[in-house]
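Chain residues, written in single-letter form:
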Amino acid sequence: MKVLIFSFSNNKVNEDSFIPNEKGLTFSCVDECINELNKQGILNKHICMNFKNIKKCMACGERGWGICLKENKCIMEDDFNKIYNLMSEYDGYIFITPVYFWEMSESAKTFFDRLKRCDAFNDNSKIKGKKFISIACAGGSGNGTENTLNAFDVLNHFMNMEIIGRIPVTSFNYEEQKNEIKNSISKFIG
Ligand SMILES: Cc1cc2nc3c(=O)[nH]c(=O)nc-3n(C[C@H](O)[C@H](O)[C@H](O)COP(=O)(O)O)c2cc1C
């Protein structure tokens, strides 16, 4: 059992702002997931997508479809195809995004826009049926976590994976949500 963790926040300290921060909620959740996966004997790898070169989908080709529809890969030469191929080597995924404007972050949207195109109609998909957990990390109000988790549900309408956890996290409920993270991770092997 091998699980790939994707995070969509920037953990570099921004001198001008307290957000994004070095150890924000997103990265705290990444750490918690890694600890829990290790405890449960599940091999894992973490990719911070903000440090990858993932360009926006150009909707190239005729009627908005590029080679993604037939060849299940993207024509652009950045980090996307490498990461999409890497996903096939893993048995499950954890997607952890901060909540920005009631939505998943920009790096998440950019990645999933292209993932959907390459995989939704891929008859040889190595992703379909695999388990995943979505985690939405929000500021004080927590407004937007449900909307963000819903977006993962909609994404999965096209991806046909299996949702085993959808976890709203704020700094106020973080401690109790650790339990939720633990329970959801145990469903990878359960
Ligand atoms: C551009 C932007 C938009 C945000 N929008 C929301 C929001 O709609 N709802 C919310 O609860 N928090 C919002 N926040 C706060 C972040 O969700 C919160 O700071 C979160 O902890 C960020 O993740 P991080 O701790 O990993 O940096 C926003 C923050 C930024 C920078």
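Structure shown above.
Presented here is a report on the structure given in the accompanying data block.

About the thresholds
- Residues numbered from 1 in each chain as written.
- Predicted model: local features only at pLDDT ≥ 70, side-chain atom pairs only at ≥ 80, totals over all residues.
- Helix = DSSP H or I, 4+ residues; strand = E, 2+ residues; numbered from the N terminus.
- Rg over C-alpha atoms; globule rule 2.2 N^0.38 Å.
- Buried ≥ 20, exposed ≤ 12 C-beta atoms within 10 Å, placed from the backbone.
- Contact = placed C-beta atoms within 7 Å.
- Near = placed C-beta within 6 Å.
- Nonpolar A, V, L, I, M, F, W, Y, C, P; charged D, E, K, R; others polar.
- Expected span 1.5 Å × (residues − 1).

Brief notes about the overall build of the protein chain
- A count of helices and strands for the protein chain gives 6 helices and 6 strands.
- When its helices and strands are written in sequence order, the protein chain yields β-α-β-α-α-β-β-α-β-α-β-α.
- Relative to the 2.2 N^0.38 estimate, which gives 16 Å for 190 residues, the radius of gyration of the protein chain is 16 Å and therefore close to what a compact globule would have.
- When the backbone C-alpha atoms are referred to their principal axes, the protein chain occupies close to 50 × 45 × 25 Å.
- In the protein chain, which comprises 190 residues, the proportion classed as buried is 35%.
- For the protein chain, contacts bridging at least 24 residues in sequence account for 77% of all contacts bridging at least 6.

Observations regarding the site of the ligand
- Taken together, 20 residues lie around the ligand, and Gly24, Thr26, Pro98, Ala138 and Gly139 are the ones closest in.
- For the shell around the ligand, the elements supplying multiple residues, two or more each, are helix H1 (25–39) and strand E3 (92–100).
- For the shell around the ligand, a count of residues per class yields 11 nonpolar, 9 polar and no charged.

Quick word on H1
- The end-to-end C-alpha distance of H1, which contains 15 residues, comes to 21 Å, matching closely the 21 Å that a straight helix rising 1.5 Å per residue would cover.
- Taken together, the buried positions of H1 are occupied by Leu25, Thr26, Phe27, Cys29, Val30, Cys33 and Leu37.
- If you follow the buried residues of H1, they end up packed against strand E1 (2–7), strand E2 (43–48), E3, strand E5 (131–137), strand E6 (162–169) and helix H6 (174–189).
- Just past H1, the residue glycine 41 takes up positive phi, approximately 70°.

Observations concerning the environment of asparagine 183
- Assignment of secondary structure puts asparagine 183 in helix H6.
- Overall, the presence of 14 C-beta atoms within 10 Å leaves asparagine 183 in the partly exposed class.
- In sequence terms asparagine 183 and serine 105 are 78 residues apart; their C-alpha atoms lie 25 Å from each other.

Remarks on the environment of lysine 178
- As for its position among the elements, lysine 178 is in helix H6.
- The spacing of lysine 178 and cysteine 29 is 149 residues in sequence and 8.2 Å in space, taken between C-alpha atoms.

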